[in-house]
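# Understanding the architecture of this molecule
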Number of protein chains: 2
Amino acid sequence: MESSIIGYSRGDYSAKTFQAVNPSNGEKLSVHYAFASYSDVDKACEIAADAAMEMAGFDGKKKAVFLRFLADGIDEITDLLVEIMRLETGLPEPRVRGETGRTSGQLRMFANLVEEGNWVDARIDRAQPERQPLPKPDLRSMLRPMGPVAVFCASNFPLAFSVAGGDSASAWAAGCPVVVKAHHAHPGTALLVAEKVVDCLKACDWPEGAFSLLFGEGRTVGQALVSNPSIKAVGFTGSRSGGKALFDVASSRPEPIPVFAEMSSINPIVVFNEMDDQTTEEFTDGLMGSATLGTGQFCTNPGVVFHPGGNWGKTFVSSYAKKMSEFSPCPMLHKGIRQAYLSGLNRLSSTPGIEVVHQSELDLQDPGCLAGTCVMSTHADNFLNDESMMDEVFGPSTLLVAYDSKEQLMELTKRIEGQLTISLFGENSDLIENELLIAFLETKAGRILFNQFPTGVEVCPSVVHGGPYPATSDSRSTSVGTGAILRFARPICYQGFPDKFLPVELQEKNPLGIRRSEV
Amino acid sequence: MESSIIGYSRGDYSAKTFQAVNPSNGEKLSVHYAFASYSDVDKACEIAADAAMEMAGFDGKKKAVFLRFLADGIDEITDLLVEIMRLETGLPEPRVRGETGRTSGQLRMFANLVEEGNWVDARIDRAQPERQPLPKPDLRSMLRPMGPVAVFCASNFPLAFSVAGGDSASAWAAGCPVVVKAHHAHPGTALLVAEKVVDCLKACDWPEGAFSLLFGEGRTVGQALVSNPSIKAVGFTGSRSGGKALFDVASSRPEPIPVFAEMSSINPIVVFNEMDDQTTEEFTDGLMGSATLGTGQFCTNPGVVFHPGGNWGKTFVSSYAKKMSEFSPCPMLHKGIRQAYLSGLNRLSSTPGIEVVHQSELDLQDPGCLAGTCVMSTHADNFLNDESMMDEVFGPSTLLVAYDSKEQLMELTKRIEGQLTISLFGENSDLIENELLIAFLETKAGRILFNQFPTGVEVCPSVVHGGPYPATSDSRSTSVGTGAILRFARPICYQGFPDKFLPVELQEKNPLGIRRSEV
């Protein structure tokens, strides 16, 4: 039996345990994981609070050393990860290797960011003792760590948004300790990475409270974690209901804290005009690739396409359905996701006005988590009359919505909720003719694409993986890219401090040579 | 009778009205102000939503023209403001003139900021079509306006944090329309400024929805405003209960929105050591000046002093009480504030362990809002045992807390809630000896001062007027200084857009010559 990791110790071996399930065959894996006790949660938060004080003094170099050491450490265990992740998640080997590389790449990206040091938004206002009518004092400000961060592992990114994924990496980079809640679907993967984290903390002389890993349920362990007064911010990737529950807990604390929950998005695709045959073929291929990538289990999976209908629309719908029907059913990540997918399909397909153009046949007796593709079609009149068509169906299905006119496309645009992405397909002239529409779309998404598909999120400084509610709970944030660090830092101003007692980033001689705004 | 201002029109002349009261004599002023109807609120939000679409296309220059035009306009009506503000608030003429200058100064500061354009955090990742295994797409991101912002006028800054104050100025600068709820204590001041805003919008060819002013109560009009789906963020300066109520409304909307509420702070002063006679004299003078400035009605008013006690402490306490007793009672801003001040004093003075060293005698039959100073004294043992001593008493009173040891000072530090400011008084050597203490203090405040008093907040790029809860509802924000604009903007990423269809800030040739992070 395995228990939680509380700093350099192990948590309680409580009576309540769980096992992971192989989604390929539905069989339980052998290891039992003990649910974290409330005392485990308290202990993890307590040592995190202590660690926060020490880590606040870490410079960029010290943080970079740890992040790079951990990146190397994760690369080293790639083969072990392939093994356990295939058992726990059914993900194919190339995906596991790719996600491992993304995870270590993210850690190195943040190492570079904090070593360079420009991210702290250093601002300097020098004193003007002679100013009339009042002297101006010396004020200098920069971003400083928020304190301990609770991170929730994502089911669909067992590495890149889990134990040492983007949330943890950005929190550590900001100088914040991390208390991670493992996802029930891949505890062994979490534990393997967690042990590597602990090794690296020790090797880099970091305090043990910089990291803990808790096993348990969201409604008990997760909510206890978010309620703990030592926790100062939350990173979450998951369902709308799960994110909303944590947001509500965090908002109703005596001291409310920010929750950065990435929750739900149908990532609309807007087709401005009929396409010629070749473009239609390329578009349909690209859409199919994007909609089925990772068995449709990416946050940026395109769930709905607004297209101009007519004869072209009919050809497009049938051609897309044909392509999607050629995609063989694959296992989803776990039973809960598959169950939610099938329920979503049932709900949508029985909604008046929706035609099921294609749905893969599935053996519902299959003990694994196999899921096939689905293509549904409807008219914008129906979509506008039924809000439930806007709800995310997480999986490889697409709803194709034919609109009649630019006016109706504008109506659709006004009606959709906040999204991670919106993708436009058309000519340059469409960008001119639809200026107002695009201005509206901008209010609905964090990332707008032109003639590209939304999956395959680039990890880089410019990316925005965020968006208005319910895409995320805080549209001013991104959980991917260097901007993710800004979630876990807050500005602090030092007024009248002697130079040598200022943080080095703010000292007069700028010893780090970072970019600063100076007056 | 006056009614609300809804864009370029007037709101309903509803039956429910209120009048302002002269706090110097308790007499009602003659003008009746009609409460905004719910239809007024809806209309203001509806036109704000329309204006948001148009304003999202405004460049920095167009925004700067309006902000400067308004700054000039406010300077022009200074004499009129002196007249009406003295009636509505009892504030002395120099304060009104000073606050007018601060208000127009803030507008010009934001004009400069958006004209220069660096604030948008432009990030560019150029395409790498040849990259293996996958080509890198072109991604570019920048901060864009959040949408309509609800602003609540502060009672204690009838100009600088009201109709055209820091919240509105930063929202307009970000490109967001503003719907302002007037404070009941100074509706005439609000109306005078609002009419100037409307004139300037017309002159600068801005849409009418860029501004509305609503009269009414927080619990009805204010909450209806925050509940309106068109509103995307909230700026508030006021009481803890008022800010919390709005935060709860905003968090429980179907689409939760961020609330930037600046609420409550006792701005602790930490004295590390006994001082010599001259330093004591200077410190006591400075503390008295800071504690009585604006009759103690500033958010950064120092409400509590932790001092080393002993014989020096006794001298300090009696000397400070003597100085405070020389301060003549002045009118507070309105009856509600004075009532809260007197209740707070009663509560504190009857708390076991607290000694009232000085309290100005007041004629409680006086129809005005006169308030005098108060100095109370206690020991850290009592303070640590009674959380209620940490509650803000808004007004010219100070609680002096003697501590026995550095360990006890650390205990005090750990116990206090989030603050706008914490001020340290001592020698450079104290900054070395108390490194851990200062690290702790940093987690509790947005601004840390050394040998300076917290009032007289400098309006500049480096200032942070924010802090952990309950100082503000979002410690990652500041409501003063150029950083205030960041509250009302969110990053948007454009992927694969042809150069000429990108916002000008992100175009390849950088026609504005702004600072950008480029890869």
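Let us look at the structure shown here. All figures in this text were calculated on a predicted structure; none of them were measured in a lab.

## Considering the pattern of salt bridges
Residues and elements named next belong to chain A. Following the criterion strictly, the structure yields 60 salt bridges over all chains and no others. In this structure, the salt-bridge partner of Glu-93 is Arg-97, at a minimum N-O distance of 2.9 Å. Taken together, the positions of Glu-93 and Arg-97, both in helix 4 (residues 93-116) and four residues apart, correspond to about one turn of that helix. Note on Glu-93: relative accessible area 30%, which makes it partly exposed.

## Looking at the side chain of B:His183
Residue and element names in this part refer to chain B. Inspection of the secondary structure puts His-183 in the loop between strand 8 (178-181) and helix 6 (187-203). Using a relative accessible area of 14% as the deciding quantity, one classes His-183 as buried. One polar contact links the side chain of His-183 to the main-chain amide nitrogen of Ala-185, over a distance of 3.0 Å. Apart from the residues within four sequence positions on either side, His-183 is in contact with Cys-153, Ala-154, Ser-155 and His-334.

## Brief notes about the side chain of B:Lys181
All names here are of chain B. Here Lys-181 lies in strand 8. This buried residue, Lys-181, is left without a salt bridge; Glu-217 holds the nearest opposite charge, at 8.8 Å. In terms of polar contacts, Lys-181 uses its side chain to reach the backbone carbonyl oxygen of Gly-216, at 2.8 Å. Not counting residues within four places of it along the chain, the set of residues in contact with Lys-181 comprises Val-151, Phe-152, Cys-153, Leu-214, Gly-216, Glu-217, Gly-218, Val-221, Gly-222 and Leu-225.

## What to know about the interface of chain B and chain A
Chain B puts 66 residues into the contact, and the matching count from chain A is 66 residues. Interface area, chain B with chain A, both sides summed: about 5,800 Å², of which 57% is carbon and sulfur. Here chain B and chain A share six salt bridges between them. Measuring nitrogen to oxygen at the nearest pair gives 3.3 Å for the salt bridge that ties B:Arg476 to A:Asp474.

## Describing the sheet that holds strand 12 (residues 269-271) of chain B
With respect to topology, eleven strands assemble into an open sheet ordered 22(A)-5(A)-6(A)-21(A)-20(B)-19(B)-12(B)-13(B)-18(B)-17(B)-15(B), the strand pairing being mixed. Lying at the two open borders of the sheet, with one neighbouring strand each, are strand 22 (516-518) of chain A together with strand 15 (355-359) of chain B. Neighbour to neighbour, the strand axes of the sheet diverge by 20° on average, direction disregarded. Direction of pairing for strand 12 of chain B relative to strand 13 (residues 304-307) of chain B: parallel, over a ladder of two bridges. Note on strand 13 of chain B: the bridge partner recorded for B:Ile269 is B:Val305.

## Structural notes on the packing of helix 3 (residues 78-89) of chain B against helix 6 of chain B
All names here are of chain B. Taken N-terminus to C-terminus, the directions of helix 3 and helix 6 make an angle of 155°; their axes are 8 Å apart at the nearest point. Between helix 3 and helix 6, the angle falls in the class roughly antiparallel. Residue-level contacts link Leu-80, Leu-81, Ile-84, Met-85 and Glu-88 of helix 3 to Pro-187, Gly-188, Thr-189, Leu-192 and Val-193 of helix 6. For the contact of helix 3 with helix 6, a count of residues per class yields seven nonpolar, two polar and one charged.

## With respect to unusual backbone geometry
Leaving glycine aside, a negative phi is the common case for residues, and trans is the common case for peptide bonds. Look at the link from A:Tyr469 to A:Pro470: it is a cis peptide, with omega at 5°. Looking at the secondary structure, you find A:Pro470 in the loop between strand 20 (445-450) and strand 21 (489-495). The omega torsion across B:Gln132 and B:Pro133 is 0°, close enough to zero to call that bond cis. Relative to the assigned elements, B:Pro133 resides in the loop between strand 5 (122-125) and strand 6 (139-145). Phi at A:Asn451 takes a positive value of approximately 55°, unusual for a residue other than glycine. Structurally, A:Asn451 can be placed in the loop between strand 20 and strand 21.

## Some details on the relation of the copies chain B and chain A
For the match of chain B to chain A, the screw axis carries a shift of 0.0 Å, the RMSD comes to 0.0 Å, and the turn is 180°. On this basis, the relationship between the two copies can be described by a two-fold rotation axis. Of every C-alpha in chain B, the one belonging to B:Ser251 sits nearest the axis of rotation, 3.5 Å from it. Both copies share a contact surface, since 100% of the interface residues of chain B are interface residues in chain A too.

## A look at helix 8 (residues 240-251) of chain A
Between its first and last C-alpha atoms helix 8 of chain A spans 16 Å; for twelve residues at 1.5 Å apiece the expected length is 16 Å, and the two agree. Listed in full, the buried residues belonging to helix 8 of chain A are A:Gly243, A:Leu246, A:Phe247, A:Val249, A:Ala250 and A:Ser251. The elements touched by buried residues of helix 8 of chain A are strand 7 (149-152), helix 7 (218-227), strand 10 (233-237) and strand 11 (259-262) of chain A together with helix 8 (240-251) of chain B.

## Remarks on the pairing of strand 17 (residues 374-379) of chain A
All names here are of chain A. Across the six residues of strand 17, five count as buried, placing the element largely inside the fold. Strand direction decides the pairing type here: strand 15 (residues 355-359) and strand 17, joined by four bridges, are antiparallel. By the bridge assignment, His-358 is partnered in strand 17 with Val-375. Judged from the six bridges that link them, strand 17 and strand 18 (residues 397-402) form a sheet pairing that is parallel.

Thresholds, definitions, all that
Residues numbered from 1 in each chain as written. Chains lettered and ligands numbered in written order. Predicted model: local features only at pLDDT ≥ 70, side-chain atom pairs only at ≥ 80, totals over all residues. Heavy atoms only, no water. Salt bridge = Lys/Arg side-chain N within 4 Å of Asp/Glu carboxyl O. Helix = DSSP H or I, 4+ residues; strand = E, 2+ residues; numbered from the N terminus. Buried < 20%, exposed > 50% of the residue type's maximum accessible area, 1.4 Å probe, protein only. Polar contact = N/O pair within 3.5 Å; in protein donor to acceptor, adjacent residues only side chain to side chain. Contact = heavy atoms within 4.5 Å. Lys, Arg positive; Asp, Glu negative; His and termini not counted. Buried area = accessible area lost by both parts, 1.4 Å probe. Pairing = 2+ DSSP bridges. Axes fitted to C-alpha atoms, helices over the stretch in contact; angles between N-to-C directions. Parallel < 35°, antiparallel > 145°, perpendicular 65-115°, else oblique. Nonpolar A, V, L, I, M, F, W, Y, C, P; charged D, E, K, R; others polar. Least-squares fit on C-alpha atoms with pLDDT ≥ 70 in both. Expected span 1.5 Å × (residues − 1).

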